[in-house]
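Single-letter residue listing:
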Amino acid sequence: MTIYLPIAEVSVNAFLLLGIGGVVGLLSGLFGVGGGFLITPLLFFVGIPPAVAVATSANQIVASSVSAVLAHFRRRNVDLRMGTVLMAGGLAGSTVGVWGFAILREMGQVDLFVSLCYVVFLGSVGALMFVESLNALRRASKPGAKVTRRRHGLAHTLPFKMKFRVSGLYISVIPPVLVGFSVGILSAVMGVGGGFIMVPAMIYLLHMPTKVVVGTSLFQIIFVTAYTTLLHATTNQTVDMMLAVILLLGGVVGAQLGTRMGARMRAEQLRILLAILVLAVCGKLAADLLIEPAELYSIDEQGVG
Amino acid sequence: MIRLLLLLLLAGPAAAEEVVLGLSRDEVSITATFDGSEILFYGAVKREEPIPEDADLEVIVTVEGPSEPLTVRRKDRVAGIWINRAAMRMDLAPSFYAVATTGPLREVISHTEELRHNVTIPQSIRAVGEVEGVDDPEAFRQALIRIRAEDGLYQMLEGEVTLEEETLFYTRVELPANLTEGLYGVRIFLTRDREVIDVYRGEIEVQKVGLERFLFKLAQEQPLVYGLLSIVIAIAAGWGASAVFRALQS
């Protein structure tokens, strides 16, 4: 069954879109990532114009994140205070990001910049997580070995300290605001929720317990992606509601399944799976940049003027 | 008597044969299940004299979608990475263009006539100025045609018009799903001895209807409302799914 998308102005198989939404929703619930880093390239692949794919995936991430975060709320795995601090940075970052996106679009280098961002961030984050999780798994398999975590870092010495009860932290608000800000920029420029950066940043930079990281990341993603959706809708008119509804039908179901699966898996296993996925997407994007494309030319209908 | 002769002269050979056209539809509605469309063109040649014996009658049908400006970019390898370098702006390029003929183009119409009437695709793409900095503008133009032809937006249908008894003709043109809204111009050329003897012009309206039209208009005219509505739908869907799953579990 094909369906015509009014804003994207293409017709696509509805079941294919449902499937994409479902897979991405599953990941969202499982890992606490919005899934934008996967949904955006998949939408390109089925022929949705890039500008519409980026804006609409932000909209769909709102839905799957709401669905997933509710399950985390019930298990009390959301640090609301930390989420709010991250969000404040995120909204500011997103505004700056959208402004930068407009400049790049004028130069016709959006595709390149987005791909490079993906390769650099997915590559380094994926590699870091992969090595860390392997080490953690090895430690866990040795009886008597203890997981040691650095308890004191920069976050403890900077001013504006705040108590984050759910995370069990008493740290300065500056690092989380900066993390939120940088992820906000990336989220606007790359059209993603930014969970794949946010999750490791919370674990390795802020030293938050893995248990609350996923819920808190989802909580803040909701606000940043909702804001991004609104910005795209008002400035570019590129949010396709029809596409979003189909994607989120599949997505919310997937997110529910993912959250339930996640509750039964160990944190290290989760992280190693996410690391492999992130590296796979990174490899594909890097190959696209390095291999000579079959068609060197491209038509840009929006980049006029 | 003199007046009558003059009239005949004025009417001249151009009006000796005229097109009478029928369209299977003069409106294309884009609905939620729109998956492309096919338009059947059928017509007859009206004449008041016997069929001329000297040259065969040929028919050319063109369908042209609304023209828009666009930019064509070319990738080049820089430090091992393929990035967009050269760009060329096209002032006007039709969003859709189909040409159907009764035979190979050059046997149907002469080059001069083709140029005069802007019959084929390259002639309907205009790139005035804006070519400085581009070493070979023709390559960019060719690339635009190639990419759009692959998407079914530019079609060259040589020999696809069927002409019977030099009087009745018909052809069909497939419109792909990724159509731009607007008025599509239809032209029918009658040629003899590779010269155009009559042109018929018509229009087909392509527009979104129903929910598609509502969403499109809302997005264009009330972007803030549209954006808020998409967010509300997203939150409601997420919440709803969570509630449904909880109900199922207990």
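Rules used in this analysis
Residues numbered from 1 in each chain as written. Chains lettered and ligands numbered in written order. Predicted model: local features only at pLDDT ≥ 70, side-chain atom pairs only at ≥ 80, totals over all residues. UniProt positions renumbered as here; feature names shortened; annotations may be inferred. Core = buried A, V, L, I, M, F, W, Y, C linked by C-beta atoms within 7 Å. Buried ≥ 20, exposed ≤ 12 C-beta atoms within 10 Å, placed from the backbone. Domains from an automatic or database assignment. Contact = placed C-beta atoms within 7 Å. Axes fitted to C-alpha atoms, helices over the stretch in contact; angles between N-to-C directions. Helix = DSSP H or I, 4+ residues; strand = E, 2+ residues; numbered from the N terminus. Parallel < 35°, antiparallel > 145°, perpendicular 65-115°, else oblique. Left-handed = near helix turned anticlockwise from the far one by under 90°. Nonpolar A, V, L, I, M, F, W, Y, C, P; charged D, E, K, R; others polar. Pairing = 2+ DSSP bridges.

In the nomenclature of an unreviewed UniProt entry, chain B corresponds to TIGR02186 family protein from the organism Histidinibacterium aquaticum.

Naming follows an unreviewed UniProt entry, where chain A appears as Probable membrane transporter protein of Histidinibacterium aquaticum. The UniProt entry for chain A carries the following text under Sequence similarities (unreviewed entry): "Belongs to the 4-toluene sulfonate uptake permease (TSUP) (TC 2.A.102) family."

Q: Even after reading the chapter, I still don't get the nonpolar core, so can you show me in this structure?
A: Generally speaking, soluble globular proteins have nonpolar side chains that are buried together. Leu5, Ile222 and Leu243 of chain A are the most contacted members of the largest nonpolar core, which has 153 residues in total. Here this core spans two domains, since at least three of its residues come from each of domain 1 (12-208) and domain 2 (209-250) of chain B. When neighbours within four sequence positions are excluded, Leu5 of chain A is seen to be in contact with Val10, Val12, Asp240, Met242 and Leu243 of chain A.

Q: Sorry if this is basic, but what is going on with the packing of helix H8 (residues 195-205) of chain A against helix H9 (residues 210-235) of chain A here?
A: Each pair of packed helices can be described by the angle between their axes along with the distance between the axes. Residue and element names in this part refer to chain A. Between H8 and H9, whose axes approach to 9 Å, the crossing angle comes to 140°. It follows that H8 is oblique to H9 by the angle criterion. In this structure, H8 meets H9 at a crossing whose hand is right-handed. Counted together, Gly195, Met198, Val199, Met202 and Ile203 of H8 and Thr210, Val213, Val214, Thr216, Ser217 and Ile221 of H9 form the full contact between these two elements. Of the residues belonging to the contact of H8 with H9, the class tally is seven nonpolar, four polar and no charged.

Q: In this structure, what is going on with the interface of chain B and chain A? I would like to understand it.
A: By a widely used convention, the size of an interface equals the accessible area lost when the partners come together. On the side of chain A, 48 residues touch chain B, which itself brings 49 residues to the contact. Put simply, the parts of the chain that give the side of chain B that touches chain A at least two residues each are strand E5 (67-78), strand E6 (81-94), helix H5 (137-150), helix H6 (210-221) and helix H7 (223-249) of chain B. If you tally residues by element for the side of chain B that touches chain A, the top one is H7 of chain B, at 16 residues. Taken together, the residues that form the side of chain B that touches chain A break down as 30 nonpolar, 11 polar and eight charged. Pairing between strand E5 (residues 297-300) of chain A and E5 of chain B: four bridges, direction antiparallel. Looking at E5 of chain B, one finds that Tyr297 of chain A is bridged to Arg74 of chain B.

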